[in-house]
Amino acid sequence: QAQLVESGGGLVQAGGSLRLSCTTSGRTFHSYSMGWFRQAPGTEREFVASISWNGRSTNYKNSVKGRFTISRDKSVNGLYLQMNNLQPEDTAVYYCAASSSGIGSTSATEYQYWGQGTQVTVSS
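Residues numbered from 1 in each chain as written. Predicted model: local features only at pLDDT ≥ 70, side-chain atom pairs only at ≥ 80, totals over all residues. Heavy atoms only, no water.

Q: Give me the sheet that holds strand S8 (residues 78-83): which residues, what numbers.
A: With antiparallel pairing, four strands are arranged side by side in an open sheet as S1-S3-S8-S7. Both outer strands of the open sheet, strand S1 (3-7) and strand S7 (68-73), are each paired with one neighbouring strand and no more. The mean inter-strand angle of the sheet, taken between neighbouring strand axes irrespective of direction, is 15°. Alignment of S7 against S8, held across six bridges, turns out to be antiparallel. Bridge pairing links Ser71 to Tyr80 in S8. (Pairing = 2+ DSSP bridges. Helix = DSSP H or I, 4+ residues; strand = E, 2+ residues; numbered from the N terminus. Axes fitted to C-alpha atoms, helices over the stretch in contact; angles between N-to-C directions.)

As structure tokens, then:
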């Protein structure tokens, strides 16, 4: 059974950095695009970043451009999100996801596999 497991969340002060990781198992996701989404309490899950199956194309939510970087390492089945200059509005549960589309979608409905999430809390 395919599994995605996030790690790296935590509590950080505003302006700080965190690196989220997502490891996959149970199947190969080499032809899948991957994405990061987040959900704050009382809000809908929102797109953060995506990367195409070959890693050549990335896409970001406007508010994280220049601060967040998505990357993947197929050799270790890893997906990463480097988050710099974190702000309180970045506080949320962050989820990694895999999409068979391969190109990296901003829509959560295009993703078939999801992790359980990791909490990121940014204090002011």
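Now, onward.
Q: I'd like a rundown of the state of the cysteines, residues and numbers included.
A: This model, assessed by the stated rule, comprises one disulfide. Here Cys22 is linked by a disulfide to Cys96, with a sulfur-sulfur distance of 2.1 Å. With the S-S bond torsion at 50°, the cross-link from Cys22 to Cys96 turns out right-handed. With Cys22 in strand S3 (residues 18-25) and Cys96 in strand S9 (residues 92-99), this pair connects stretches of sequence that are 74 residues apart. (Disulfide = S-S within 2.5 Å.)

Q: Pulling in residues and values, what's your account of the packing of aromatic side chains?
A: Summed over the entire model, instances satisfying the criterion amount to seven aromatic pairs. Taken together, a centroid distance of 5.2 Å and an interplanar angle of 85° make the contact between Phe29 and Tyr32 edge-to-face. Each member of the pair, Phe29 as well as Tyr32, is classed as buried. Taken together, the ring pairs connect Phe37, Phe47, Tyr111 and Trp114 into an aromatic cluster. Taking NZ or CZ as reference, Arg19 lies 4.2 Å from the ring centre of Tyr80, over its face. (Phe/Tyr/Trp six-rings, centres within 6.5 Å; stacked < 30°, edge-to-face > 60°. Buried < 20%, exposed > 50% of the residue type's maximum accessible area, 1.4 Å probe, protein only. Lys NZ or Arg CZ within 6 Å of the ring centre and 35° of its normal.)

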